[in-house]
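In case you want the letters, here they are:
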Amino acid sequence: MRTARQTGRAGLASDQRHRPDGAPVTRTRPPLAAPMLVAALALAGCAAEIAHAHARQLARDYRVTDPPLVHNTKVNMGLRDRGLCYHWAEDMEARLAQEGFRTLQLHRAISPGERLFRIDHSAVILSRKGDPMQAGVVLDPWRTGGELFWARTAEDPRYAWRPRAEVLAEKAAAAGLRESASTGNRQ
């Protein structure tokens, strides 16, 4: 595929590409889009490096030596202090927040355990500032015991992510209803 750099109408830069049949394919973008894209990718790369390194550090801090569910059992038995999925999410969010990214946004998410043999699962989602979490990338070091799993939120093969606050509000409302029913209170 041949390319040629051209300036199109209104001072917009374009890449002239040619299909195999020789017909031109032109995409037009503002002249500053390329440097802005490079800067955004560099920032995302920085966030990715931090997330990968911090996931490995958390695995050492949590003394992870087993698959996630075995480690969860150790935490629940008091043999380890931390390492449940919400600990990983909490600590990953705190570390990424320290960077003060101005163009990236952190979201806390939960995938409710609505299926048989599934428990709620927590993670951090990173997106461009202002984008919904579904447009972001899931950062989930719990799933692999310290090696960072990442995927586009909507394409995660195992979990259906929802905003953490929304899931917790639903659980609180459901718990309130169960408590009212069990005490016989009518509101």
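Everything quoted here is computed from the prediction, not taken from an experiment.

Colleague: Could you give me a rundown of the environment of Asp 61, with the residues and numbers involved?
Modeller: The residue Asp 61 is located in helix α1 (residues 33-61) in this model. Linking Asp 61 and Arg 82, residues 21 residues apart in sequence, is a C-alpha distance of 8.5 Å. Among the polar contacts listed, one links the side chain of Asp 61 to the side chain of Gln 57, at a separation of 2.6 Å.

Colleague: Would you mind going over the packing of aromatic side chains in detail, with residue names and values included?
Modeller: Inspection of the entire model under this criterion finds two aromatic pairs. On the numbers, 4.8 Å between centres and 90° between planes, the contact of Tyr 62 with Trp 88 is edge-to-face. Separated by 26 residues along the polypeptide, Tyr 62 in the loop between α1 and α2 (68-76) and Trp 88 in helix α3 (residues 85-97) bring together distant segments of the chain. Of the two residues, Tyr 62 and Trp 88, neither departs from the other in class, the shared state being buried.

Colleague: Could you give an account of the layout of surface pockets, naming the residues involved and the relevant values?
Modeller: Its boundaries defined by the atoms lining it, the second largest pocket holds a volume of some 190 Å³. Surrounding the second largest pocket, 13 residues form its lining, Leu 69, Ile 119, Trp 142, Arg 158 and Tyr 159 being those nearest its centre. Here the lining of the second largest pocket takes three residues from α2, the largest share from any one element. When the residues that make up the lining of the second largest pocket are grouped by side-chain class, the tally is seven nonpolar, two polar and four charged.

About the thresholds
- Every chain is numbered independently, its residues counted from 1 as its sequence is written.
- Note on the predicted model: pLDDT of at least 70 is required for a residue's local features to be given, and 80 or more for side-chain atom pairs to be given and counted; whole-chain, interface and lining totals, by contrast, use all residues.
- Heavy atoms throughout the structure, all of them, feed into the side-chain values; hydrogens and water do not.
- Note on conventions: DSSP H or I runs of at least 4 residues are helices, E runs of at least 2 residues are strands, and numbering of each starts at the N terminus.
- Side-chain atoms alone can form a polar contact between residues adjacent in sequence; in general such a contact is a pair of N or O atoms within 3.5 Å, and within protein one must be able to donate a hydrogen while the other accepts it.
- Geometry of aromatic contacts follows a simple scheme: Phe, Tyr and Trp rings, the Trp one being its six-membered ring, pair when their centres are within 6.5 Å, and the pair is stacked under 30 degrees between planes, edge-to-face over 60, tilted otherwise.
- Exposure is judged per residue with a 1.4 Å probe applied to protein chains only, and the accessible area is read against the type maximum: over 50% gives exposed, under 20% gives buried, and values in between give partly exposed.
- Only protein atoms enter the calculation, which uses a 1 Å grid: trapped sets of points that fit a 1.4 Å probe without letting it out are cavities, open sets showing protein on both sides within 12 Å along at least five of seven lines are pockets, and any residue with an atom within 4 Å of a point is a lining residue.
- Grid points are joined across faces, edges and corners, and a volume is the space filled by probe spheres set on the points.
- Each residue is assigned to one of three groups, with Ala, Val, Leu, Ile, Met, Phe, Trp, Tyr, Cys and Pro labelled nonpolar, Asp, Glu, Lys and Arg labelled charged, and all others, Gly among them, labelled polar.

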